[in-house]
Amino acid sequence: APQKPVLLTGASGNLGRVLAPALAAQGWTLRLTDITPFPDALPAGASFTRLDLSEGLGVARLAEGCGAILHFGGISVEQPFEAVLSPNLRGLYHIYEAARREGARVLFASSNHSIGFHERPQGNEAKIDVDCAFRPDGYYGLSKAYGELMGRLYWDKHGVENVNLRIGSCFPKPVNARMLSTWLSFGDLTRLVTAAVEAPRSGHCVIWACSNNPATFWGRDHRDRIGWQPQDTAEDYRTEVGHILSGDPVEERYQGGGYTSIEYSRSA
Ligand code: NAI
Ligand code: 15L
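The model shown is predicted, which means the values in this text are computed figures rather than measured ones.

## Some details on the nonpolar core
Proteins that are soluble and globular tend to have nonpolar side chains buried together.
Then step 1. Formed by 35 residues in total, the largest nonpolar core has its most connected members in Leu30, Leu70, Phe72, Leu165, Ile167, Val193 and Ile226.
Then step 2. Every element with two or more residues in this core is listed here: β1 (6-9), α1 (14-25), β2 (30-34), β4 (68-71), β5 (105-111), β6 (162-167), α6 (186-198) and β9 (204-209).
Then step 3. Excluding anything up to four places from it in sequence, Ile167 contacts Leu15, Phe72, Ala109, Ser110, Ser111, Asn112, Leu184 and Ala209.
Then step 4. Judged by nonpolar contacts, the second largest core, of 19 residues, contains Leu7, Leu51, Leu53 and Val160.

## Considerations on the site of ligand 2
Then step 1. For ligand 2, the full set of nearby residues is Ser76, Ser111, Asn112, His113, Tyr140, Gly168, Ser169, Phe171, Arg178 and Tyr259.
Then step 2. Take Tyr259: an N or O atom from its side chain is 2.8 Å from an oxygen atom of ligand 2.
Then step 3. When ligand 2 sits alone it has 320 Å² of accessible area, and the protein chains cover 80% of it.
Then step 4. Partitioning the shell around ligand 2 into residue classes produces three nonpolar, six polar and one charged.

## Details of the packing of aromatic side chains
Then step 1. Scanning the model with the defined rule gives nine aromatic pairs in all.
Then step 2. When the centroid spacing of 6.2 Å and the interplanar angle of 35 degrees are considered together, the rings of Phe38 and Phe48 count as tilted. One end of the pair, Phe38, is in the loop between β2 and β3 (46-50); the other, Phe48, is in strand β3, and 10 residues separate them in sequence.
Then step 3. Relative to Trp218, the ring of Trp208 lies with its centre 4.9 Å away and its plane at 5 degrees, an arrangement referred to as stacked. Of this pair, Trp208 sits in strand β9 while Trp218 is found in the loop between β9 and α7 (223-226), placing the two residues 10 residues apart along the sequence.

## Examining the pairing of β4
Then step 1. Here β4 shows a buried face lined by Ala68 and Leu70 and a second buried face lined by Ile69 and His71.
Then step 2. In this structure, β1 lies alongside β4, joined through four bridges in parallel fashion. When the bridges of β4 are listed, Leu8 appears paired with Leu70.
Then step 3. Where β4 and β5 come together, four bridges link them in parallel fashion. Within β5, the position partnered with His71 by the bridge is Phe108.
Then step 4. Between the parallel pair β4 and β5, the chain is carried across by helix α3 (residues 81-102), and the sense of this crossover is right-handed.

## Concerning the environment of Glu78
Then step 1. With respect to the element layout, Glu78 can be found in the loop between β4 and α3.
Then step 2. Judged by relative accessible area, Glu78 falls into the partly exposed class, the value being 21%.
Then step 3. Once the C-alpha coordinates of Glu78 and Tyr140 are considered, the two residues, 62 residues apart in sequence, prove to be 5.0 Å apart.
Then step 4. When residues no more than four places from it in sequence are discounted, the contact partners of Glu78 are Gly138, Tyr139, Tyr140, Gly141, Tyr259 and Ile262.
Then step 5. From its side chain, Glu78 meets the backbone nitrogen of Tyr140 in a polar contact 2.9 Å long.

Conventions used here
Once a new chain begins, its residue numbering starts again from 1 and follows that chain's sequence as written. Here chains are named by letter from A upward and ligands by number from 1 upward, in the order in which they appear as written. Totals for whole chains, interfaces and linings use every residue, but because this is a predicted model, local features are given only for residues with pLDDT of at least 70 and side-chain atom pairs only at 80 or more, for both listing and counting. Derived side-chain values reflect all non-hydrogen atoms in the structure, with water molecules and hydrogen atoms excluded from consideration. Grouping buried Ala, Val, Leu, Ile, Met, Phe, Trp, Tyr and Cys residues that are joined through side-chain atoms within 4.5 Å yields what is termed a nonpolar core. Only protein chains enter the accessibility calculation, which uses a 1.4 Å probe. A residue is then buried if its area is under 20% of the maximum for its type, exposed if over 50%, and partly exposed in between. A run of DSSP states H or I qualifies as a helix once it reaches four residues; a run of E qualifies as a strand once it reaches two. Both are numbered from the N-terminal end. Only heavy atoms enter the contact rule, under which two residues are in contact if any of them lie within 4.5 Å. Nearness is defined per residue: one heavy atom within 4 Å of the molecule or strand is enough. Counting of polar contacts relies on pairs of N or O atoms within 3.5 Å, with two restrictions inside protein: one atom must be capable of donating a hydrogen and the other of accepting it, and residues adjacent in sequence are counted only when both atoms are side-chain atoms. Accessibility throughout is a Shrake-Rupley quantity obtained with a 1.4 Å probe, and a residue counts as covered only by protein chains that appear here. Think of it as three bins: nonpolar holds Ala, Val, Leu, Ile, Met, Phe, Trp, Tyr, Cys and Pro, charged holds Asp, Glu, Lys and Arg, and polar takes everything else, Gly as well. Pairing of aromatic side chains requires ring centres within 6.5 Å, counting the rings of Phe and Tyr and the six-membered ring of Trp. Pairs whose planes differ by under 30 degrees are stacked, by over 60 edge-to-face, and all others tilted. The criterion for strand pairing is that DSSP finds at least two bridges linking the strands in question. Here a crossover is taken to be right-handed if, once the strands point away from the viewer, the path from the first strand over the helix to the second is traced clockwise.

The structure is reproduced here in structure tokens:
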């Protein structure tokens, strides 16, 4: 287990509620935080502080003495610009300033929606690597691109290490055909976070956070630097969900799926 406490933002969210008990069971000392109360029993060795990420002083105080910040808090779906702005842009800045002060490593829950307007590869067409262009599919995806670039800046200028997890679809199981490509199991997520915190050095790196899916959209990334390999596969669910398509041509064309077609108004 890490020697210093680990701060987990977004602790009351879907992934926070998976990670908090799983990491605590590995003996980690966790500081949990969210704007909404933690709905479950507090795991052993964990404390919880209710806080809005827009409060920079509060974030700085919570991060005191921490060796890593797992940043999973904020807006997690497409929302109007004004709703995304404070949690995802201002909040991210507070996280990075705290990390700089503490010399802590940041794990950032980025998203496939930072690159969602790449087309899905057909047949044996080349898959995109993590150094592909950002092609956000909305204000949410744009905030994730900003978050990854914030990591780039703080590494280049201040040596703040950061691992950016470009998460596909992290749910108990895939629920449609797209998720045969994008699904990340909870087990693979927990092992990924563990590897990213425990790696002796990470620098600035970007990881395609999906399970070992043969139908993946994604190619090379920096997983070797942290020594992570996914163990689960969405393929186990092909007969169950492989026929579940949206019927929307925009959604099915692009990697970001349903987010790309929200308010889509391009005519050619
Ligand atoms: P979630 O929406 O369940 O959890 C996010 C948490 O952030 C919530 O508990 C919410 O209360 C908290 N939050 C929102 N605004 C806040 C603020 N101003 N101050 C403090 N806390 C605030 O989302 P989920 O699914 O757990 O995702 C966690 C992270 O992973 C998010 O950053 C999301 O963008 C990212 N992600 C998740 C994916 C998934 O498939 N679940 C896919 C790609 C990225
Ligand atoms: C995300 O970024 C969201 O947080 C999650 O709710 C899913 O929509 C996921 O992407 C996805 O693309 O399936």
